[in-house]
Amino acid sequence: MASMKGDGLFVRDLVQKFPLIEDMKKGKEVFWLNPGLDNVLPREVSKADIEDASERLARFAPYIVRAFPETSPGGGSIESPLKNIPEMKAFLNGEAGGGLSGRLLLKCDSELPISGSIKARGGIYEVLCFAEKVALESGLLNRSDDYAVLAEDRFRELFSRYAVSVGSTGNLGLSIGIMGARLGFRLTVHMSADARQWKKDLLRQKGAKVAEYRGDFQMAVAEGRRQAEGDPLCHFVDDENSRDLFLGYAAAAERLKRQLDGMGITVDSGHPLFVYLPCGVGGGPGGVTFGLKHVFGENVHCFFAEPVQSPCMLLGIMTGLHDGICVQDVGLSGRTSADGLAVGRPSKLVGRLVGNLLDGLFTVSDSRMEALVRDLYTREGIFVEPSAAAGFPGFAAVQRNGGYAERLTPSAMDHSVHIVWATGGSMVPEGERKKYLAG
Ligand SMILES: *Cc1c(COP(=O)(O)O)cnc(C)c1O
């Protein structure tokens, strides 16, 4: 894709059509309601595909228990708690000047087993897909077997003939790296310069090779893809364009419904559910949204949160250009201190699949994310990384935004439930954590 950067005419036309870009260019926080919302589910991916993903995860559960004993209380399910956060709600309500209704919950993907971020859903799922394919084709495994056998040496030997590689700013690399190396694959994680040192160290310690690049995330992905193309035994996990990643994320929705049921929370037109998801390249929030729409239909309202300097999905969906536009085209830097969200160009796949399922997108400044990390820790004693706090401003924004409540049945907002999706944090080392909390 040729860069359109510097093409003043192109940008001027865009700004005229989409005046919000004027504010985005200035690095202001913006809130955008999607005029294209129609809740028509895409045909390219179906409910059966999500069920297939859930079943595959269930087949692997006995292996996961064996390879990662910390998952045994949950029976090898890679799942996170859904927590009530009333003190944080009271705090946000106070900040907004009062009047915010509804119940506020935190989906703690920051505590997901194995790799401590939302990437443990999609990333691990994609590695399992590849491992299953290799194992079935070898004839050493049958679908009806107890998959715990995959921990045996004969499978590690089999997998060691294959390579898995991924380009990542960090968390995806951790998920693919930890899972892939544990199975026995030869693993390479291509990382951008902004990736944290502790993530590189941890990956090397788990047996993965880390290749470092000076450029940004997109460059690391491109280089990883190029190297993988030359190796027929290498599976490249393509964060910008992967159906398997997407489905791994989508499987979260059915499980969330069971958690809500368990808390006695119903979702219907009189009790709408709002979900606020931090967005990087879009696979995680897009997959979760796709799953949620299959489960809750028009009664779930999904919003993506992006940093002010890298609102790639907002640009892609609002203009309809998807991966044909990047944040640098409108003069933004793409840089943010929020790991996982420093993405300049959105996924090829996601905007097209869920662009009409999203209620809206909003942007958040780095300093606000950082402050929210401290606010959450002070009020609830829960630590998340800055990107994982990006969803919080949505709670006040949807209620403050004029006209939004009119989209709902009368008084539905009073009975609404709001979930902030906390996408990462538990792997952050103690020293780094202290720095975040000290501010
Ligand atoms: C990757 C990541 C996201 C966003 O997921 P995408 O699939 O890139 O949109 C959000 N938060 C954290 C902590 C992440 O690591």
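The rules behind the values
Residues numbered from 1 in each chain as written. Predicted model: local features only at pLDDT ≥ 70, side-chain atom pairs only at ≥ 80, totals over all residues. Heavy atoms only, no water. Domains from an automatic or database assignment. Contact = heavy atoms within 4.5 Å. Buried area = accessible area lost by both parts, 1.4 Å probe. Salt bridge = Lys/Arg side-chain N within 4 Å of Asp/Glu carboxyl O. Helix = DSSP H or I, 4+ residues; strand = E, 2+ residues; numbered from the N terminus. Phe/Tyr/Trp six-rings, centres within 6.5 Å; stacked < 30°, edge-to-face > 60°. Buried < 20%, exposed > 50% of the residue type's maximum accessible area, 1.4 Å probe, protein only.

Caption draft 1: Main features of the domain arrangement of the protein. Segmenting the protein into domains produces domain 1 (8-44 + 74-114 + 246-438) and domain 2 (118-241). Computed from C-alpha coordinates alone, the two centres of domain 1 and domain 2 are separated by 27 Å. If you look at the interface, domain 1 gives 34 residues, while domain 2 gives 21 residues. Summed over both sides, the interface of domain 1 with domain 2 buries roughly 2,300 Å², with 58% coming from carbon and sulfur. If you look at where domain 1 meets domain 2, you find 4 salt bridges. When the shortest N-O distance is used, the salt bridge between aspartate 339 and arginine 196 registers 2.6 Å. For the side of domain 1 that touches domain 2, the elements supplying multiple residues, two or more each, are helix H10 (243-250), helix H11 (252-262), helix H12 (283-296) and helix H17 (430-438).

Caption draft 2: View of the packing of aromatic side chains. Counting across every chain of the model gives 12 aromatic pairs. Look at phenylalanine 155 and phenylalanine 159: their rings are 6.3 Å apart centre to centre, the planes differ by 35°, and that puts the pair in the tilted class. Of this pair, phenylalanine 155 and phenylalanine 159 are both found in helix H6 (residues 153-159), 4 residues apart, which corresponds to roughly one turn of the helix. With respect to burial, phenylalanine 155 and phenylalanine 159 carry one shared label: buried. Each member of the aromatic cluster is reached from another via a ring pair, and the members are Phe31, Phe274, Tyr276, Phe303, Phe362 and Tyr404.

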